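The primary structure of each chain is shown beneath.
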Amino acid sequence: MKNAERSAPGKLAIPCLMSLLLAGAWGAASAQERLLEVPRIALAEVPPVVLPDALPEVPQIVLPEGEACLPQPRAETISELLKKALDHNRRLWPPEAVDQAARAIEEVSRDHGFSPALVLSLIQHESGFRLDAVSRRGAVGLTQMLPSTAARTARTCGLDRPTREGLMDPGTNIRLGFTYLAGLRDRYGSLDAALAAYRNGPRGAKMDPGRNPRLGAYLTRIRRTEQAIGAWTIPP
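Residues numbered from 1 in each chain as written. Predicted model: local features only at pLDDT ≥ 70, side-chain atom pairs only at ≥ 80, totals over all residues. Heavy atoms only, no water.

With respect to the overall build of the chain
Here's step 1: Helix and strand content of the chain: eight helices and zero strands.
Here's step 2: For the chain, the sequential pattern of α-helices and β-strands runs α-α-α-α-α-α-α-α.
Here's step 3: By the burial criterion, 32% of the 236 residues in the chain qualify as buried.
Here's step 4: Total accessible area on the chain is roughly 16,700 Å²; 57% of this is exposed by carbon and sulfur atoms. (Helix = DSSP H or I, 4+ residues; strand = E, 2+ residues; numbered from the N terminus. Buried < 20%, exposed > 50% of the residue type's maximum accessible area, 1.4 Å probe, protein only. Areas by Shrake-Rupley, 256 points an atom, 1.4 Å probe, with all protein chains shown as cover.)

The structure is reproduced here in structure tokens:
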């Protein structure tokens, strides 16, 4: 009897467990059915994208023949041209020096017919735009004038003899340097001969650039730099 009583709870547990399992299965099925019964969200109709008949044309960048990159921004004034040359050489001048040099470049261009690009090109290769440049031979300033040559040039212009420090003034140096170059051009008949004499003295005017590699290279650099700087300017 005692053994029968002890086994009764075990017999009752089996039906209970089956009931729980069936209830769980029904609950899961009911939950799945409820999920399937969730109403779908009705999306608003999206209006179609209508393109115009012709899209606006994008202007093409056309480079000059032989150019490998975009041209640099153009300079409208001599002052801007000078500032671009200073930036190229990483030179920082006082504003008054820029103004003095720009006025001098304008004067020698007007009075002697030298293009501003040529003026800047010669300065580039003579001094690299260093206001205080002094060579081993004693040539001074932007255009690398010898004090003796500057004194003779000043005398022909009716100006006072410049001091060594005075030749470091950009306006004075540019005016005297290109007045001297203009005299050489008039004397020897061409700008190339004048540049050769400017570089090597009077004997330079008689040199053949084709037989003198250093002189030929100097003239080539002057001309190429003049063309490059000239590309920055707006034609009249």
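Examining the packing of helix α6 (residues 170-188) against helix α7 (residues 191-200)
Here's step 1: Relative orientation of the contacting elements α6 and α7 amounts to 125°, with a least axis distance of 8 Å. In this view, α6 runs oblique relative to α7, as classed from their interaxial angle. α7 is crossed by α6, and the crossing has right-handed handedness. Where α6 approaches α7, its residues Gly-177, Tyr-180, Leu-181, Leu-184, Arg-185 and Tyr-188 are matched on the opposing element by Leu-191, Ala-193, Ala-194, Leu-195, Ala-197 and Tyr-198.
Here's step 2: Residue classes in the contact of α6 with α7 are distributed as 10 nonpolar, one polar and one charged. (Axes fitted to C-alpha atoms, helices over the stretch in contact; angles between N-to-C directions. Parallel < 35°, antiparallel > 145°, perpendicular 65-115°, else oblique. Left-handed = near helix turned anticlockwise from the far one by under 90°. Contact = heavy atoms within 4.5 Å. Nonpolar A, V, L, I, M, F, W, Y, C, P; charged D, E, K, R; others polar.)

Focus on the packing of aromatic side chains
Here's step 1: Across all of its chains, the model carries three aromatic pairs by this definition.
Here's step 2: For the pair Trp-93 and Phe-129, a centre-to-centre distance of 6.4 Å together with 50° between the ring planes defines the contact as tilted. Residue Trp-93 is located in the loop between α2 (78-89) and α3 (95-112), and its partner Phe-129 is located in the loop between α4 (116-127) and α5 (147-156); the two are separated by 36 residues in the primary sequence. Like Trp-93, the residue Phe-129 is buried in the burial classification.
Here's step 3: Between the aromatic rings of Tyr-180 and Tyr-198, the centroid separation amounts to 5.8 Å while the plane-to-plane angle is 45°, which identifies the pairing as tilted. Pair noted here: Tyr-180 is in helix α6 and Tyr-198 is in helix α7, with a separation of 18 residues, a long-range link.
Here's step 4: Directly above the aromatic system of Trp-232 lies the positively charged group of Lys-84, at a separation of 4.7 Å from the ring centroid. (Phe/Tyr/Trp six-rings, centres within 6.5 Å; stacked < 30°, edge-to-face > 60°. Lys NZ or Arg CZ within 6 Å of the ring centre and 35° of its normal.)

Considering unusual backbone geometry
Here's step 1: Of note, the phi angle at Arg-90 is positive, near 55°, even though the residue is not glycine.
Here's step 2: Inspection of the secondary structure puts Arg-90 in the loop between α2 and α3.
Here's step 3: Judged by its relative accessible area of 80%, Arg-90 is exposed.
Here's step 4: Residue Gln-144 is not a glycine yet carries a positive backbone phi of 55°.
Here's step 5: With respect to the helices and strands, Gln-144 occurs in the loop between α4 and α5.
Here's step 6: Taking relative accessible area as the criterion, Gln-144 reaches 14% and is therefore assigned buried.

Re the environment of Leu-118
Here's step 1: You can see Leu-118 is positioned in helix α4.
Here's step 2: The exposure class of Leu-118 is buried, given its relative accessible area of 2%.
Here's step 3: Placed 106 residues apart in sequence, Leu-118 and Arg-224 show a C-alpha to C-alpha distance of 9.8 Å.
Here's step 4: When near neighbours in sequence (up to four residues on either side) are disregarded, Leu-118 contacts Leu-191, Ile-222 and Glu-226.

Some points on the nonpolar core
Here's step 1: Ranked by size, the top nonpolar core spans 44 residues in total, and within it Trp-93, Ile-174 and Leu-181 carry the most contacts.
Here's step 2: For this core, the secondary structure elements donating two or more residues are α2, α3, α4, α5, α6, α7 and α8 (213-230).
Here's step 3: Setting aside its immediate chain neighbours within four residues, Ile-174 contacts Ala-101, Ala-104, Ile-105, Val-108, Val-119, Ile-123, Leu-142 and Thr-143. (Core = buried A, V, L, I, M, F, W, Y, C linked by side-chain atoms within 4.5 Å.)

Quick notes on the layout of surface pockets
Here's step 1: Here the largest pocket is characterised by a volume of approximately 760 Å³.
Here's step 2: Taken together, 28 residues make up the lining of the largest pocket; nearest its centre are Glu-126, Arg-137, Tyr-198, Arg-199 and Asn-200.
Here's step 3: Split by residue class, the lining of the largest pocket holds 11 nonpolar, eight polar and nine charged. (1 Å grid on protein atoms, 1.4 Å probe; cavity = no way out; pocket = protein on both sides within 12 Å on 5 of 7 lines; lining within 4 Å. Points joined across faces, edges and corners; volume = space filled by probe spheres on them.)

The values reported here are purely geometric and, on their own, carry no functional implication.
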